[in-house]
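If you want the building blocks of each chain, they are given just below.
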Amino acid sequence: MADDGTADRPAPPEGATARPPRIPLPRASVEDSGLPLPALEAPTVTEPLRLEHPVLKSLLGAWALAACSAEETAAVEDHLGDCGPCADEARRLREAVGLLQRPESLDLDPGLRTRVLEACLDLRPPRIPVPAWAASYDAETARLDALLQDFGDAEWHAPVRLRWFRGDGETSRRTTVAGVIAHLLAVDGLIAVALGLEDPLGDDVKAETDRLRGPAERTEAFWEASHFPPTRSVRGPWREQSHALVRTVSFTGAGPGTLPISYGDFELPLRDAMLDRAFECWVHAEDIAEAVDYPYAPPAPRHLRGMIDLAARMLPQALAARRRAGLAAPAPSAARHLVSAGSPGRSLRLEIEGDGGGQWLIPLDSPGAVGSADHEVAHVALDDVEFCRLAAGHVRPEEAAAGQLGDREAIRDVLFAAASLSRM
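How each quantity is defined
- Residues numbered from 1 in each chain as written.
- Predicted model: local features only at pLDDT ≥ 70, side-chain atom pairs only at ≥ 80, totals over all residues.
- Heavy atoms only, no water.
- Phe/Tyr/Trp six-rings, centres within 6.5 Å; stacked < 30°, edge-to-face > 60°.
- Helix = DSSP H or I, 4+ residues; strand = E, 2+ residues; numbered from the N terminus.
- Buried < 20%, exposed > 50% of the residue type's maximum accessible area, 1.4 Å probe, protein only.
- Lys NZ or Arg CZ within 6 Å of the ring centre and 35° of its normal.
- pLDDT = per-residue confidence, 0-100.
- Contact = heavy atoms within 4.5 Å.
- Axes fitted to C-alpha atoms, helices over the stretch in contact; angles between N-to-C directions.
- Parallel < 35°, antiparallel > 145°, perpendicular 65-115°, else oblique.
- Left-handed = near helix turned anticlockwise from the far one by under 90°.
- Nonpolar A, V, L, I, M, F, W, Y, C, P; charged D, E, K, R; others polar.
- Polar contact = N/O pair within 3.5 Å; in protein donor to acceptor, adjacent residues only side chain to side chain.
- Core = buried A, V, L, I, M, F, W, Y, C linked by side-chain atoms within 4.5 Å.
- Pairing = 2+ DSSP bridges.
- 1 Å grid on protein atoms, 1.4 Å probe; cavity = no way out; pocket = protein on both sides within 12 Å on 5 of 7 lines; lining within 4 Å.
- Points joined across faces, edges and corners; volume = space filled by probe spheres on them.
- Expected span 1.5 Å × (residues − 1).

1. Observations regarding the packing of aromatic side chains
Going through the model one piece at a time under the given rule, you end up with 4 aromatic pairs. Geometrically, the ring pair formed by Phe165 and Phe416 is edge-to-face, given 5.9 Å between the ring centres and 70° between the ring planes. Residue Phe165 is found in strand 1 (residues 159-166), and its partner Phe416 is found in helix 16 (residues 408-419); the two are separated by 251 residues along the sequence. Side by side, Phe165 and Phe416 carry an identical accessibility label, which is buried. When the centroid spacing of 5.0 Å and the interplanar angle of 10° are considered together, the rings of Tyr263 and Phe266 count as stacked. Look at Phe266 and you get partly exposed, because its relative accessible area is 30%. Stacked on the ring of Trp63, the Lys or Arg Arg94 has its end atom at 4.1 Å from the ring centre. Cation over ring: Arg412 sits above Phe416, and NZ or CZ is 4.2 Å from the ring centre.

As structure tokens, this is what we get:
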């Protein structure tokens, strides 16, 4: 007799009702019960879809996109093993789907903002259009402002070396990213004052000296007036001033384009001064980007060409100034042609290559003369960005990658005159 665990258990008292064990006995197996086992259900067999060839071919696109049902997928894949043309078509569709599914990135496309703005302006032109001669300033200040947007304190205090050309050599001045923006704010103030806007230097700074006429003097005065080195707080005033300049010239239209803007030693009409400020904004944006190790592209070709054209038009005056200072050799008497203002004279052909390039004939002997192909004595060719960096004082004239033909002395004088256009 099997021991069920009750043999050692004491018998209940007489007359007492037997109670069930506190620990339940194990459940009997179905096999031990003597009852018949339940019948197993036969497995369900699904009949494959039987589709015609045209239907299967029409499903290839959905199959490539994984949009078919399980039955359709099985039917298509079974068909691909027997039909070569459909197999080739399916392979091409799968490859096309792979090209359409670009890997996702958490970083926004840096050109997205520009494309959205351009599309908006194409659909609805601005009510007050920006004059063409102010468009490059508007674009370059916007690009620099976008670069500054996410700067932290470390970036704002990153060291920057401002470089320009003086006489026959380079010179530089050390500052910070915030100091560069303060410099742009102070010099753009020359245009602000001429347009009747507030001078960023303030009355207290201007009252201390009467020499605040040129860019360098204004910058030094602004830096010295700051109780502490400029910080990120300078971005707000610079941004507001740049918006005010663009808004003011837009409301006044093309009329004030000839308004003279004094730089101390020389004057520029407002349309050229706005180009000059756009050029310096780009140059210093590159200085900032280099300091924080960030890529920065050149201006759009149409804006770059306007900046190059301004530099080319300023070269005759720069040549004359260097000659008066004894820094440029006079032309040999046999070759020199003294001509009256507006008459053709000895010229150099300046060829600028690239999307922003073109050709200019630079009069060599008199700023009042007119460049003439008949009196061409030299030809020099440079890349558009290389020429701009030469004019910014960031490339030495001897190191400029220039193709040269003709009078070497004239070429040297023009390259050095281009570098002398730079300033703080």
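2. Some words on the confidence of the model for the protein
Scored by pLDDT, the protein comes out at a mean of 83, with 78% of its residues at no less than 70. Here residues 1-7 is modelled with pLDDT under 50, and outside its nearest four sequence neighbours on either side it reaches 1 contact, counting other chains as well.

3. Here's the deal with unusual backbone geometry
Despite not being glycine, Ala66 has its phi angle at roughly 60°, a positive value. Within the secondary structure layout, Ala66 lies in the loop between helix 3 (60-64) and helix 4 (70-80). Of the residues examined, Ala66 reaches a relative accessible area of 66% and is grouped as exposed.

4. Here we look at the packing of helix 7 (residues 132-148) against helix 13 (residues 270-291)
With their axes 8 Å apart at the nearest point, helix 7 and helix 13 run at an angle of 20° to one another. Between helix 7 and helix 13, the crossing angle belongs to the class labelled roughly parallel. At the point where helix 7 passes helix 13, the crossing takes the left-handed sense. Every residue of helix 13 that contacts helix 7 at Trp133, Ala134, Ser136, Tyr137, Glu140, Thr141, Arg143, Leu144 and Leu147 is listed here: Leu270, Arg271, Met274, Leu275, Arg277, Ala278, Cys281, Trp282, Ala285, Ile288 and Ala289. Here the contact of helix 7 with helix 13 is composed, by residue class, of 14 nonpolar, 2 polar and 4 charged.

5. Some words on the side chain of Glu286
Within the secondary structure, Glu286 sits in helix 13. Side-chain polar atoms of Glu286 contact the side chain of Arg389, separated by 2.7 Å. When sequence neighbours within four positions are dropped, the list of residues in contact with Glu286 reads Tyr296 and Arg389.

6. Some details on the nonpolar core
Within the largest apolar cluster, 88 residues are counted, with the highest numbers of intra-cluster contacts made by Leu144, Ile181, Trp282, Leu348, Leu350 and Leu382. Ignoring any residue separated from it by four or fewer positions in sequence, one finds Leu144 in contact with Ile181, Leu184, Trp238, Cys281, Ala285, Ile288 and Tyr296.

7. Focus on the environment of Asp276
Tracing the backbone shows Asp276 in helix 13. With 88 residues separating them along the chain, Asp276 and Asp188 place their C-alpha atoms 10.0 Å apart. A polar contact is formed between the side chain of Asp276 and the side chain of Arg423, at a distance of 2.6 Å.

8. A closer look at the sheet that holds strand 6 (residues 358-363)
As summarised here, the arrangement of the 4 strands in space is 6-5-7-8, forming an open sheet in which the pairing is mixed. Since the sheet does not close on itself, it has two edges, and those belong to strand 6 and strand 8 (403-406), each with one partner. Averaged over all neighbouring strand pairs, the angle between strand axes comes to 25°, with direction disregarded. In this structure, strand 7 (residues 370-383) lies alongside strand 8, joined through 4 bridges in antiparallel fashion. Counted as the bridge partner of His379 is Leu405 from strand 8. Relative to strand 6, helix 14 (residues 301-324) is tilted by about 15°, and along the sheet it contacts strand 5 (344-353) and strand 6. Packed on one face of the sheet, helix 16 meets strand 5, strand 7 and strand 8 and runs near 65° to strand 7.

9. As for empty space enclosed by the protein
Counted by the stated rule, this structure contains 2 cavities of 30 Å³ or more. Looking at the largest cavity, its volume works out to about 300 Å³. Listing elements by their share of the lining of the largest cavity, those giving two or more residues are helix 13, helix 14 and helix 15 (384-391). Per element, the largest residue contribution to the lining of the largest cavity is 7 residues, and it comes from helix 13. The computed volume of the second largest cavity comes to approximately 30 Å³. Considering the residues around the second largest cavity, the lining is formed by Pro316, Leu319, Ala320, Arg323, Pro363, Leu364, Asp365, Ser366 and Pro367. The element that contributes the greatest number of residues to the lining of the second largest cavity is helix 14, accounting for 4 residues.

10. Let's talk about helix 12 (residues 235-252)
In a regular helix each residue adds 1.5 Å, so 18 residues correspond to 26 Å; helix 12 covers 26 Å between its end C-alpha atoms and thus fits that length. Every buried residue belonging to helix 12 is among Arg235, Trp238, Gln241, Ser242, Ala244, Leu245, Val246, Thr248, Val249 and Ser250, and all of these are buried. Where helix 12 is buried, its residues touch helix 7, helix 8 (153-156), helix 9 (177-194) and helix 13.

11. A closer look at the packing of helix 14 against helix 16
Two elements in contact, helix 14 and helix 16, have axes separated by 9 Å at closest approach and are oriented at 100°. Here helix 16 runs roughly perpendicular to helix 14, going by the angle between their axes. For the pair helix 14 and helix 16, contact is made by Leu315, Ala318, Leu319, Arg322 and Arg323 and by Asp413, Val414, Phe416, Ala417 and Ala418, respectively. Each residue belonging to the contact of helix 14 with helix 16 can be placed in one class, and the counts come to 7 nonpolar, no polar and 3 charged.

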